[in-house]
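Okay, here's what each chain looks like letter by letter:
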Amino acid sequence: MTFKIGLIGCGGMGMRHIFGHIELRKHFNDIELAAVCDVHKNVAEKAVDIINENGLKPPDIYTDYMELINSRHLDGIAIVTSTPMHHKIAIASMELGLHVITEKPMGLTMKACRLMEESAKRTNRILAVAENYRRDPINRLSKALLDSGVMGDPYFALDIHASSSRKAVMHSTVWRAKKQQAGGIVLDAGVHNSDMLLYLMGPAESVYAETSVFEPNRKLMPMVNVAPNLAEMYKHRNEPGFKTGDEVLQDAIDTGFALIKFKSGAIGQLVITDTSHGHSLGIETITGSEGTLFRTQSRSGKPAKIVFMDGKEVIGEELLKLVPSFELDDLTTTLWNGRRRIGQYDMGFHDTDSRILAYEYMDWVRAVEKSEAPEVGVLEGKNALGLAYSIVESGLSQKKVKVRDVISGEINGYQKDIDISEEI
Ligand SMILES: NC(=O)c1ccc[n+]([C@@H]2O[C@H](COP(=O)([O-])OP(=O)(O)OC[C@H]3O[C@@H](n4cnc5c(N)ncnc54)[C@H](O)[C@@H]3O)[C@@H](O)[C@H]2O)c1
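A brief structural summary. (Residues numbered from 1 in each chain as written. Predicted model: local features only at pLDDT ≥ 70, side-chain atom pairs only at ≥ 80, totals over all residues. Heavy atoms only, no water.)

With respect to the site of the ligand
Around the ligand, a shell composed of 29 residues is seen, among which Met 13, Asp 38, His 86, Tyr 234 and Arg 237 lie nearest. In this structure, His 86 approaches the ligand through a side-chain N or O atom, which is 2.9 Å from an oxygen atom. Contact between the ligand and Trp 175: an oxygen atom at 3.1 Å from a side-chain N or O atom of the residue. When the free accessible area of the ligand is taken as 840 Å², the share hidden by the protein chains comes to 93%. Here the shell around the ligand takes 3 residues from helix α1 (residues 12–27), the largest share from any one element. Tallied by class, residues from the shell around the ligand come to 11 nonpolar, 11 polar and 7 charged. Taken domain by domain, the makeup of the shell around the ligand includes at least three residues from each of domain 1 (3–132 + 356–374) and domain 2 (134–330). (Near = heavy atom within 4 Å. Polar contact = N/O pair within 3.5 Å; in protein donor to acceptor, adjacent residues only side chain to side chain. Areas by Shrake-Rupley, 256 points an atom, 1.4 Å probe, with all protein chains shown as cover. Helix = DSSP H or I, 4+ residues; strand = E, 2+ residues; numbered from the N terminus. Nonpolar A, V, L, I, M, F, W, Y, C, P; charged D, E, K, R; others polar. Domains from an automatic or database assignment.)

As structure tokens, then:
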């Protein structure tokens, strides 16, 4: 049986999903992208052009997502709209019997996520979250190294992402500047960092954070100046009401400095900002009782490294010797040219990105077929966003917060205005 998917939201990330489907079809023919939808018809048409150029069957085009999910010829929906629509489309789709994969963050707020969870349970549908970083083979190796105990007991993780947007709007997308739309780098990108920390370090107990909007006055700049490696994917999208060079008022948090306590007793420091002008810094390390693991930038293919207490360095493919039984799963192996054990790889960002997206789709569809949880489902989606929102909530309340209280909604100072205005 062919699993037919409707993709809603054909902007920058939507275009990356299209390439994920193109990659998927090279290996599997039981999944079909049968329909695409965007409120802007020209944006959806561009996605279809790319599909045609790559020889895949052209999907139907919709501009109204309710029409698409009511079309009755689909098995699942992929949500790649801006974040405020995730819960609305997910719930409407599941209630009509469709399975759902949504882009990260799982929902606009924790309340939105809880409603999505309830709907998935009530309708017995599989809800997956398209969280990509952990699927990188080098991150799989990092996890295997930590789990094997070669690092000893984990003490602390440093996750420092200080970059400069040069006062531009993130990804040249106005919604990312707005609090009401879950914009701002701490939530929008921080949910990836959160997921990776939880994946590697285990569940988080509490967070204390300081946050700020250092730069409310931003400019809409061309994507090629803002994120050159993604510019090709974003060039077809529309930004109604704005043109290049326009001022944009940002009220979404642009800076978070957080201390995280993990349930294991380990500590994490997560720093994330796009206001670090003149000094970009990226540190992703995990230190244990035997040494430090230097993680690598997700999707770069660059090798990870361990430096042990005695100064001995083990890097890339050599790390595989420390975990002799480590093997990648069948799906990753298929997508990474048959390689079962990978210590580093040499592939452009676009090719890596498409493979990871193909993985996400396949993981979701196989979960549907087997009626089991996908790798990143409701629990993982809620936990990652819960940790990112814990930073924002702690920064606002100036108190240490329990992550579980943010996930349950007991603490929601930052989110309650969003819930009210979006009628969540
Ligand atoms: N996993 C990742 O690495 C990653 C990277 C970028 C974006 N994302 C996520 O993907 C989502 C989209 O981000 P983006 O950068 O592509 O934004 P974008 O603004 O470029 O694209 C969103 C598209 O959704 C369309 N849209 C909005 N509301 C709609 C509706 N009601 N019906 C149909 N179409 C609608 C818009 O017209 C737009 O074309 C966000 O949730 C974002 O967090 C994930």
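Thoughts on the side chain of Ser 289
Its location among the elements puts Ser 289 in the loop between β13 (281–288) and β14 (291–294). At 2.7 Å, the side chain of Ser 289 and the backbone nitrogen of Asp 153 are in polar contact. Contacts of Ser 289, omitting those with residues within four sequence positions, involve Met 151, Gly 152, Asp 153, Tyr 155 and Met 309. (Contact = heavy atoms within 4.5 Å.)

Brief notes about the pairing of strand β8 (residues 204–212)
Two strands pair when backbone bridges link them, and β8 and strand β11 (residues 255–262) are joined in this way by 8 bridges, in the antiparallel orientation. Along β11, the bridge assignment pairs Ala 209 with Ala 258. The pairing of β8 with strand β17 (residues 401–402) spans 2 bridges and is antiparallel. Across the sheet, Val 207 pairs through a bridge with Val 401, a residue of β17. (Pairing = 2+ DSSP bridges.)

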